[in-house]
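Examining the three-dimensional arrangement
Single-letter residue listing:
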Amino acid sequence: MRARRLGIHTQHEAVVFMRTDCHVCRSEGLTAHSRVLLLADGRQVLATLYQVSSDLLTTNEIGLSESAWSRLGADEGDAIYVRHPERVESFSRVRARLFGNRLGDQDFAPILSDVSSGRYSDIELAAFITGTSAFPLDEAETVALTRSMVEVGDRLVWPGGTVVDKHCVGGLPGNRTTPIVVAIVAAHGLTIPKTSSRAITSPAGTADTMETMAPVDLTIEQIRRVVEEESGCIVWGGAVRLSPADDVLIRVERALDLDSEGQLVASVMSKKIAAGSSHLVLDLPVGPTAKVRSEAAAIALSNRLSAVATAFGLRSRIVLTDGTQPVGRGIGPALEAHDVLRVLQGSAGAPIDLKERACALAGALLELGGRAQTGEGRQLAARALDDGRAWAKFQRICEAQGGMRVPPTARQRSPILASSAGVVRSIDNRRIAKLAKLAGAPDAKAAGVELHVRLGDPVAVGEPLCTVHAQTPGELRYALDYAWSGAAIFEIGD
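Residues numbered from 1 in each chain as written. Predicted model: local features only at pLDDT ≥ 70, side-chain atom pairs only at ≥ 80, totals over all residues. Heavy atoms only, no water.

1. Examining the packing of aromatic side chains
According to the stated counting rule, one finds 4 aromatic pairs in the structure shown. Seen in terms of ring centroids, F108 and F128 are 6.5 Å apart; in terms of plane orientation they differ by 75°. Their pairing is edge-to-face. Taken together, the residues span a long stretch of sequence, with F108 in helix α4 (residues 105-116) and F128 in helix α5 (residues 122-131) at a distance of 20 residues. For the residue pair F108 and F128, the accessibility class agrees, reading buried in each case. Judged by centre distance (6.4 Å) and plane angle (20°), the ring pair of W391 and F394 falls under stacked. Placement of both W391 and F394 in helix α16 (residues 389-400) is noted, with a separation of 3 residues, approximately one turn of the helix. (Phe/Tyr/Trp six-rings, centres within 6.5 Å; stacked < 30°, edge-to-face > 60°. Helix = DSSP H or I, 4+ residues; strand = E, 2+ residues; numbered from the N terminus. Buried < 20%, exposed > 50% of the residue type's maximum accessible area, 1.4 Å probe, protein only.)

2. So, the sheet that holds strand β15 (residues 448-451)
Strand order in this open sheet of 4 strands is β12-β15-β17-β13, and the pairing throughout is antiparallel. Looking along the sheet, the strands with just one partner apiece sit at the ends: β12 (330-331) and β13 (412-417). The pairing of β12 with β15 spans 2 bridges and is antiparallel. Its bridge partner lying in β15, I331 is registered against V449. (Pairing = 2+ DSSP bridges.)

3. Examining helix α11 (residues 261-274)
Between its first and last C-alpha, α11 extends 20 Å over 14 residues, near the 20 Å set by a 1.5 Å rise per residue. Burial of α11 is extensive: 13 of the 14 residues sit out of reach of the surface. Looking one or two places after α11, you find G276, whose phi comes out positive at around 85°. (Expected span 1.5 Å × (residues − 1).)

Have a look at this one:
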């Protein structure tokens, strides 16, 4: 078959197109959704087949999606050989899990190896994620999954004994403490190589927000250089092979809007272990519309996280925080970046709740890492903000990562007004996150929601509760339609 680049974007899945009446499809019995192995000049890619019956292709052409094209490294007109792939043996273990069987190291290892090498289709990935969500992973399975995730990727090793890190389990819009925490902790001389993820089901991940202020897609060699120079970094973990299977799973989890406890714990811990962390602080926001909704659920998740950390020799501290409302004012990559910069710069309008939360987490890391006595870490962290050391350190980290950027601003804005007077009794984290996503976040970096009220604030009729930011009129209208359709984002009471 002759290669043809179709310019079709299928995100990460390699997809190819062939005519229904081509000789290869007929002779090999290939139909739509068949898995095929493509070979070209010593390179090979496993892809999903779709068929066409129009004149888009000739009978001797094979059309490649952008993902398949880049991975195969083909040129227009190159000879492509197509054959049936070998059976993915590890998927039998996924089927076993779907039928309620527990899995161990000997099961997860081949599954994660095949996942990271691209042998699973999106349908098969969805089956694996569903099978470990509907029938939750137990502690032994979570440890085994974590170990397999680490082993299929690279690992960073740092000189010295103490390498600190922090992570938030998510579910709380605007909770963008990481850039502030890294700047504070690195300013105090602790090593903190922070690898962060992009958004899974939220309007922004730490990597999405940081990318509006500095490059985040660094190589392992670049990460080492930045950390050697500045003691810390804030980079996208997906740009390097630290737990690469997790990045594949996250992409499908985002599409499914699933983030189960076992997968969450394995995702977090595998990245921390692969990054070479020895001391870890975990932020668990608890609230009725957060990811963790009750104290009992928080305790259960804390125990699972602590158990997995202990299994791999990590010292950890769990910090339960307030998850009853969003943190800061901005929800969305650039809007959250503006909040971060205001806190680091000590601006008069900096969100107090974001500053206090960042100081609490940074203080816990300073204590865990031996830079502060128990109970003194928060004060030490606040001092680095107040005297400008954290801001200076953050600027140097950004420059070392490739240069500081100015976060973008949205072209379209519209306020959402209070329809009644009273006091703000609740803000639904999930619904306001959905509003920000409908406005275009996180793909449109400037899109999202800017909050104007907090719990307990009095409001008058017609007073702005928040402002929706979008890049296009269509996205703005789509978000506003949701807000005006009766979605109870804000509860105003007496």
